[in-house]
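One letter stands for each residue in the lines below.
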Amino acid sequence: MRPFQYVRPDGLDHASLRLREGARSIAGGTNLLDLMKLDVETPSELVDINRLPLGGIEEAGERLRLGALVSNSACAADPRIRRDYPVLARAILAGATFQLRNKATTGGNLCQRTRCYYFYNIDQPCNKREPGSGCAAIGGFNRIHAILGASDSCIATYPGDMAVALYALDAAVEIAGADGSKREVSVRDFHRLPGDTPEKDNVLEPGEIITGVMLPAPAAGKQLYRKVRERSSYAFALVSIAAMVRMEGGRIASAALAFGGLAHKPWHDPRIDALLSGAEPSDALFDRAADLLLENARGQGANDFKIPLARRALKATLHEATGDNA
Amino acid sequence: MPLSINGNEFDYSGDPRRTLLDFLRRDCGLTGTKKGCDHGQCGACTVLVNGQRINSCLTLAVMHDGDEITTIEGLGTPGAMHPLQAAFVRHDGYQCGYCTPGQICSAKAMIDEAANGWPSFVSDDLEEKVTLTPDEIRERMSGNLCRCGAYSNIVDAIAEVLEAQQ
């Protein structure tokens, strides 16, 4: 690991001030320290935010606020999350291990970086790690890579599960800025597509810190998280789907779906939610939903299988969510 | 503020790059905790921090002042083994033994998590009381790899301890 200065800020403002070029904030550290050991991340300064008052799960009107430092374990075990937001509990429990989830935090999880093999290997070109160096995944081994929203610069995928559920829930990310300002960003706008600046995973500006995540008022209906992976535990998703579906009189009253493993960010296509809402569930309808999802899908060779896999996973999820087992 | 390791107080003021794992092994002489992958994938370095299991390779010693850390040496001794240690011996829950301290620390925390009602990925109902079936044990212990493949005996050892507790 490269040398760095270790700083424990005495408040949010202080932390923001320290988070200038070259500095990184550290919470659970499960992703950052892994990357630092490999020289993928080489911060000059680590700003340890663990002692800041950013914990706790509390009601905020009809919404529920998760502090940025709430561990993934504490979130998935919270009785309100298990009762009102099961898709979030399920998604968190589908990722990593108990050891990692005990350290991983709500804010850190949102900021976790791709597991692209070439991003992890500093001997390989990678536009995300070293802008302008090229992309070894394009034309390389790209089994885990993106089929949606990729660019000529980067075909990496966002690896997490938690965020996929937050996209379906339409949660908001609470962000504090260096000048003491606060803003709330829809989680669906938090992560970025790679374009020609894949080094930027999300919309956080220098000095900004995630302070919490706001969950909307609990919604009625069924909530599911389906994850397809290479082994049944402790593996990243090839394709995952978070689904919230409310049925009424044999029709789908409302639907909100989000997808993991397909793109540089969790994928949410409002056209799919609109198509399903008000419609009568059928295999043909679910195929049309998959058509919308995969309209612009493009395989890279080793990940071509994700296109039919995403279709099948989507249809299976919708059959389960609508109780139509045809 | 010092950190407590198995009830003894230690101060850490060295290089901020030192992981908790390296601090335990090199500075405290507590070599029961093992370094496997050093990247949070194998679980050999599992210790308890304030009662919760974590990968000690993925956290820095400097971040832990004021914390209470329990390693395998703090769970039991050859003369007074923890029930999990005795059960691993009885069931031959290892071959080379390198992953065993992590397995046992992990199992200890798993039993506590289940008692607190924490669900897992394989729990059918997120809200009902947790029963640690073999499927639940396997899922909850998936962060501890055993390259010798002693998994079936590890599950048997843990199941026996659970049964004895009832």
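These numbers come from a predicted model, not from an experiment. (Residues numbered from 1 in each chain as written. Chains lettered and ligands numbered in written order. Predicted model: local features only at pLDDT ≥ 70, side-chain atom pairs only at ≥ 80, totals over all residues. Heavy atoms only, no water.)

Student: I tried to follow the overall build of chain A on my own but got confused; where do I start?
Tutor: Assigned secondary structure in chain A consists of 12 helices and 11 strands. Expected size for 326 residues packed as a compact globule is a radius of gyration near 20 Å; at 20 Å, chain A falls within 12% of this value. In terms of its C-alpha atoms, chain A occupies a principal-axis envelope of roughly 60 × 50 × 35 Å. Contacts spanning at least 24 positions in sequence make up 63% of the contacts within chain A whose residues lie at least 6 apart. With the model as given, the accessible surface of chain A reaches about 12,500 Å², and the carbon-plus-sulfur share is 49%. Each charge sign in chain A was given a centre, from 40 positive and 39 negative side chains, and these centres are 5 Å apart. (Helix = DSSP H or I, 4+ residues; strand = E, 2+ residues; numbered from the N terminus. Rg over C-alpha atoms; globule rule 2.2 N^0.38 Å. Contact = heavy atoms within 4.5 Å. Areas by Shrake-Rupley, 256 points an atom, 1.4 Å probe, with all protein chains shown as cover. Lys, Arg positive; Asp, Glu negative; His and termini not counted. Charge placed at Lys NZ, Arg CZ, Asp CG, Glu CD.)

Student: I tried to follow the overall build of chain B on my own but got confused; where do I start?
Tutor: Secondary structure assignment for chain B yields six helices and five strands. Counting helices and strands in the order they occur from the N terminus, chain B gives β-β-α-β-β-β-α-α-α-α-α. Its C-alpha atoms give chain B a radius of gyration of 16 Å, near enough to 15 Å, the size a compact globule of 166 residues would have. Each principal axis of the C-alpha distribution contributes one length, and for chain B these read about 45 × 35 × 30 Å. Looking at chain B as a whole, 54% of its 166 residues qualify as buried. Accessible area of chain B: about 7,500 Å², with a carbon and sulfur share of 47%. (Buried < 20%, exposed > 50% of the residue type's maximum accessible area, 1.4 Å probe, protein only.)

Student: Would you mind showing me how to read the pattern of salt bridges here?
Tutor: Side chains that differ in sign of charge can pair as their charged atoms come close. Residue and element names in this part refer to chain A. Taken as a whole and assessed by the stated rule, the structure comprises 39 salt bridges over all chains. One salt bridge in this structure joins Arg18 and Glu45, with 2.8 Å as the shortest N-O distance. Of the two residues, Arg18 is situated in helix α1 (residues 12-18) and Glu45 in strand β3 (residues 45-48); the sequence distance between them amounts to 27 residues. Put simply, Arg80 and Asp78 hold a salt bridge, and the shortest N to O gap is 3.0 Å. Here the salt bridges share partners, and the residues they tie into one network are Arg24, Glu41, Arg113, Lys128 and Asp201. (Salt bridge = Lys/Arg side-chain N within 4 Å of Asp/Glu carboxyl O.)

Student: Help me out: how do you make sense of the sheet that holds β3(A) in this one?
Tutor: Sheet strands pair via backbone hydrogen bonds, and the direction of the pair is either parallel or antiparallel. Residues and elements named next belong to chain A. Overall, parallel pairing links the three strands, which are arranged β1-β3-β2 in an open sheet. Strands with a single pairing partner mark the edges of an open sheet, and in this sheet they are β1 (5-7) and β2 (23-26). Going from strand to strand, the sheet's axes swing by 25 degrees on average, the running direction of each strand aside. When β2 meets β3, the two strands line up parallel, connected through four bridges. The partner of Ile26 across the bridge, within β3, is Asp48. (Pairing = 2+ DSSP bridges. Axes fitted to C-alpha atoms, helices over the stretch in contact; angles between N-to-C directions.)

Student: Even after reading the chapter, I still don't get the domain arrangement of chain A, so can you show me in this structure?
Tutor: Quoted interface sizes are often the accessible area lost when the parts come together. Domain assignment breaks chain A into domain 1 (5-50) and domain 2 (222-322). The gap between the C-alpha centroids of domain 1 of chain A and domain 2 of chain A is 36 Å. (Domains from an automatic or database assignment.)

Student: Just checking my understanding: could you explain helix α12 (residues 306-322) of chain A for this structure?
Tutor: An α-helical turn contains 3.6 residues, so a residue and the one three or four places further along point in the same direction. All names here are of chain A. The end-to-end C-alpha distance of α12, which contains 17 residues, comes to 24 Å, matching closely the 24 Å that a straight helix rising 1.5 Å per residue would cover. Here α12 has its buried residues at Lys306, Leu309, Ala310, Ala313, Leu314, Lys315, Thr317, Leu318, His319, Ala321 and Thr322. Tucked inside the fold, the buried residues of α12 contact β9 (222-229), β10 (237-248), β11 (251-260), α10 (270-276) and α11 (283-294). Directly beyond the C-terminal end of α12, a positive phi value near 70 degrees is found at Gly323. (Expected span 1.5 Å × (residues − 1).)

Student: How do you make sense of the packing of helix α3 (residues 83-91) of chain B against helix α4 (residues 100-115) of chain B when you look at a structure like this?
Tutor: Geometry of a packed helix pair, given as the angle between the helix axes and the separation of the axes. Residues and elements named next belong to chain B. Contact geometry for α3 and α4: axes closest at 10 Å, N-to-C directions at 125 degrees. Comparing the axis directions of α3 and α4 gives the class oblique. Crossing geometry of α3 relative to α4 is assigned as right-handed. Taking contact as the criterion, the partners of Leu84, Gln85 and Phe88 in α3 are, on α4, Thr100, Gln103, Ile104, Ala107, Lys108 and Ile111. In the contact of α3 with α4, the residues fall into five nonpolar, three polar and one charged. (Parallel < 35°, antiparallel > 145°, perpendicular 65-115°, else oblique. Left-handed = near helix turned anticlockwise from the far one by under 90°. Nonpolar A, V, L, I, M, F, W, Y, C, P; charged D, E, K, R; others polar.)

Student: Would you mind showing me how to read the nonpolar core here?
Tutor: When a protein is soluble and globular, its nonpolar side chains tend to lie buried together. All names here are of chain A. Ranked by size, the top nonpolar core spans 52 residues in total, and within it Leu66, Ile81, Leu88, Leu110, Leu166, Leu169 and Leu215 carry the most contacts. When contributions to this core are tallied by element, the ones reaching two or more residues are β5 (63-67), α3 (72-77), α5 (86-93), α9 (162-169), β6 (172-176), β8 (209-215), β10 and β11. Two domains share this core, each providing at least three of its residues, namely domain 1 (5-50) and domain 2 (222-322). What Leu88 contacts, discounting residues up to four positions off in sequence, is Leu66, Cys75, Ile81, Met162, Ala165, Leu166, Leu169 and Leu215. With 31 residues, the next largest nonpolar core counts Phe259, Ala289, Ala290 and Leu318 among its residues. (Core = buried A, V, L, I, M, F, W, Y, C linked by side-chain atoms within 4.5 Å.)

Student: What should I look at first to understand the packing of α5(A) against α9(A) in this one?
Tutor: All names here are of chain A. Interhelical geometry of α5 versus α9 gives an angle of 165 degrees and a closest axis separation of 7 Å. Judged by the inter-axis angle, α5 sits roughly antiparallel to α9. Helix-helix and strand crossings are classified by hand; for α5 and α9 the assignment is right-handed. Where α5 abuts α9, its residues Val87, Leu88, Ala91 and Ile92 lie against Met162, Ala165, Leu166 and Leu169.

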